Amino acid sequence: MRLATWNVNSVRARLDRVLAWVDRSDVDVVALQETKCKDEQFPTQAFEDLGYQVAHRGLSQWNGVALLSRVGLEDVATEFSPAVPHFGEPAAAEARAIGATCGGIRVWSLYVPNGRTLDDPHYLYKLRWLEVLRDAGREWLAADPELPVALVGDFNIAPTDDDVWDPAFFEGSTHVSGPEREAFAALVEAGFADVVRPFTPGPGVFTYWDYQQLRFAKRQGMRIDFVLGSPGLARRVSGATIDREERKGKGASDHAPVVVELDAP
DNA sequence: ATGGTAGACACTCTA
């Protein structure tokens, strides 16, 4: 079984590319982030025509997450916890998570809030959001330590200095700060391992390259998209790739798809 | 090449 995650940065703006990638990549489950549309605008039929069931969560032109599956799509949920924080006054829900059971795996497509800057209220919102995710994940595994869970998506955190093209460039920025890296480490400590890294060793291995300043051509990126697997999932991982080819050319997302190969349970 | 990247939407926000 093959499981993928991909921040597409608008599913409608590059629908042809997304469909072509899904169709040629032999993926059973695909988690999308930043679909940038409401549910009624999501091109559900086009993915169904490729043989996938579809679950999407989108409330506005921002954020938006989806799951595509050709191995079943059950028990869809849009909040991983009743304690998920909302941003703003009044607090407004954002479409940053959707979960479902696909082929026996509990998969969550996640778009972690961008902290913007270290002194922005969005930064604390991001840290709180990650804390609630960690608590939820911990509870799931406490109830069933063998539950196969995949927390996948755009975490907007580069966990180590090897995960950015130049640590000095990011000094004082989000994505690399101590508290963000501690929040990521807390997810790992809760039982969710980065199952891609063993197959894609760095440094210099990235999943995102800014559109500006020819960052992709200069190989100046960040590794911020992950597949985090519970023990019951992680031990089944037999391979993983970052499809940087998909970042090339006109009309590419600024993120590359990440694909994990799983053995049968 | 007087720009700077891109997407949503309607003017400025988000990343």
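Overview of the structure. Bear in mind the structure is a predicted one, so any value in this text is a computation, not a measurement.

Thresholds applied
Residues numbered from 1 in each chain as written. Chains lettered and ligands numbered in written order. Predicted model: local features only at pLDDT ≥ 70, side-chain atom pairs only at ≥ 80, totals over all residues. Heavy atoms only, no water. Phe/Tyr/Trp six-rings, centres within 6.5 Å; stacked < 30°, edge-to-face > 60°. Helix = DSSP H or I, 4+ residues; strand = E, 2+ residues; numbered from the N terminus. Buried < 20%, exposed > 50% of the residue type's maximum accessible area, 1.4 Å probe, protein only. Lys NZ or Arg CZ within 6 Å of the ring centre and 35° of its normal. Salt bridge = Lys/Arg side-chain N within 4 Å of Asp/Glu carboxyl O. 1 Å grid on protein atoms, 1.4 Å probe; cavity = no way out; pocket = protein on both sides within 12 Å on 5 of 7 lines; lining within 4 Å. Points joined across faces, edges and corners; volume = space filled by probe spheres on them. Nonpolar A, V, L, I, M, F, W, Y, C, P; charged D, E, K, R; others polar. Axes fitted to C-alpha atoms, helices over the stretch in contact; angles between N-to-C directions. Parallel < 35°, antiparallel > 145°, perpendicular 65-115°, else oblique. Contact = heavy atoms within 4.5 Å. Core = buried A, V, L, I, M, F, W, Y, C linked by side-chain atoms within 4.5 Å. Pairing = 2+ DSSP bridges. Near = heavy atom within 4 Å. Polar contact = N/O pair within 3.5 Å; in protein donor to acceptor, adjacent residues only side chain to side chain.

## Thoughts on the packing of aromatic side chains
Inference 1: One pass over the structure, following the stated rule, counts 13 aromatic pairs.
Inference 2: Considering the side-chain rings of Phe155 and Phe184, the 6.1 Å spacing of their centres and the 85 degrees angle between planes classify their relative orientation as edge-to-face. Within this pair, whereas Phe155 is found in the loop between β8 (149–154) and α4 (178–189), its partner Phe184 is found in helix α4, the two being separated by 29 residues in sequence.
Inference 3: Accessibility expressed as a relative area gives 0% for Phe155, which makes it buried.
Inference 4: Relative to Phe170, the ring of Trp165 has its centre 6.4 Å away and its plane inclined at 75 degrees; by these criteria the two rings are edge-to-face.
Inference 5: Residue classification places Trp165 among the partly exposed residues on the basis of a relative accessible area of 24%.
Inference 6: For Phe170, a relative accessible area of 10% gives the class buried.
Inference 7: Each member of the aromatic cluster is reached from another via a ring pair, and the members are Phe80, Trp108, Trp129 and Trp140.
Inference 8: Positioned above the aromatic ring of Phe169, the side-chain terminus of Arg215 is 5.0 Å from the ring centre.

## Focus on the pattern of salt bridges
Inference 1: Within the structure shown, the criterion is met by 17 salt bridges.
Inference 2: Between Arg128 and Glu131 there is a salt bridge, with the nearest N and O atoms lying 3.2 Å from each other. Highlighted residues: Arg128 and Glu131, both in helix α3 (residues 121–143), separated by 3 residues, approximately one helical turn.
Inference 3: A salt bridge links Glu245 to Lys248, with the shortest nitrogen-to-oxygen separation between them at 2.8 Å.

## Section: the layout of surface pockets
Inference 1: If you add up the space inside the largest pocket, you get close to 730 Å³.
Inference 2: In terms of lining residues, the largest pocket is bounded by 36 residues, among which Tyr111, Asn114, Asn156, His175 and Tyr208 are the most central.
Inference 3: In terms of residue class, the lining of the largest pocket is built from 14 nonpolar, 13 polar and 9 charged.

## Overview of the packing of α3 against α4
Inference 1: Put simply, α3 and α4 touch, their axes get as near as 9 Å, and they point 10 degrees apart. When the interaxial angle is binned, α3 and α4 end up roughly parallel. The residues of α4 that touch α3, namely those facing Tyr123, Lys126, Leu127, Leu130, Leu133 and Arg134, are Pro179, Glu180, Ala183, Ala186 and Leu187.
Inference 2: Broken down by class, the residue content of the contact of α3 with α4 amounts to 8 nonpolar, no polar and 3 charged.

## A closer look at the nonpolar core
Inference 1: Of all hydrophobic cores here, the largest spans 30 residues; its most connected members are Leu3, Val196, Val227 and Val260.
Inference 2: For Leu3, the contacting residues outside a window of four places in its chain are Val29, Val107, Ala150, Val152, Val227, Val258, Val259, Val260 and Leu262.
Inference 3: Listed in part, the 26 residues of the second largest apolar core include Val149, Ile157, Ala183 and Phe184.

## Concerning the sheet that holds β8
Inference 1: Judged by pairing direction, the sheet is mixed, and its 6 strands sit side by side in the order β5-β6-β7-β8-β10-β9 without closing on themselves. The open sheet has two edge strands, β5 (74–77) and β9 (193–194), and neither has a second partner.
Inference 2: Judged from the 6 bridges that link them, strand β7 (residues 105–111) and β8 form a sheet pairing that is parallel. Bridging across to β8, Ser109 finds its partner in Val152.

## Topic: the pairing of strand β12 (residues 258–262)
Across a regular strand the side chains alternate sides, sitting on one face of the sheet and then on the other.
Inference 1: Here β12 lies mainly inside the structure; 4 of its 5 residues are buried.
Inference 2: With 5 bridges connecting them, strand β11 (residues 237–242) and β12 associate as antiparallel partners. Residue Val237 lies in a different strand from β12, and its bridge partner there is Leu262.

## Examining the protein's contact with DNA strand B
Inference 1: Ser10, Arg14, Trp62, Arg116 and Gln213 are the nearest of the 15 residues found near DNA strand B.
Inference 2: In DNA strand B, the atoms that sit within 4 Å of the protein are 81% sugar and phosphate, with bases accounting for the remainder.
Inference 3: Between DNA strand B and the protein, one listed contact pairs a phosphate oxygen with a side-chain N or O atom of Arg14 at 2.8 Å.
Inference 4: The separation between a phosphate oxygen of DNA strand B and a polar main-chain atom of Gln213 is 3.0 Å.
Inference 5: Counted by class, the surface near DNA strand B contains 4 nonpolar, 6 polar and 5 charged residues.

## Points about the side chain of Ser25
Inference 1: On the secondary structure map, Ser25 appears in the loop between α1 (15–24) and β2 (29–33).
Inference 2: A polar atom in the side chain of Ser25 sits 2.6 Å from the backbone oxygen of Trp21.

## Considerations on the sheet that holds strand β3 (residues 53–57)
Inference 1: The 6 strands lie next to each other as β3-β4-β2-β1-β12-β11, forming an open sheet whose pairing is mixed. The two strands at the open ends of the sheet, each matched to only one other strand, are β3 and β11. Along the sheet, successive strands turn relative to each other by an average axial angle of 10 degrees, direction set aside.
Inference 2: Judged from the 5 bridges that link them, β3 and strand β4 (residues 65–69) form a sheet pairing that is antiparallel. Note on β4: the bridge partner recorded for Gln53 is Ser69.
Inference 3: Across the face of the sheet, α1 comes into contact with β1 (2–7), β2, β4 and β12 while running at roughly 165 degrees to β1.

Nothing here speaks to function; it is all geometry.
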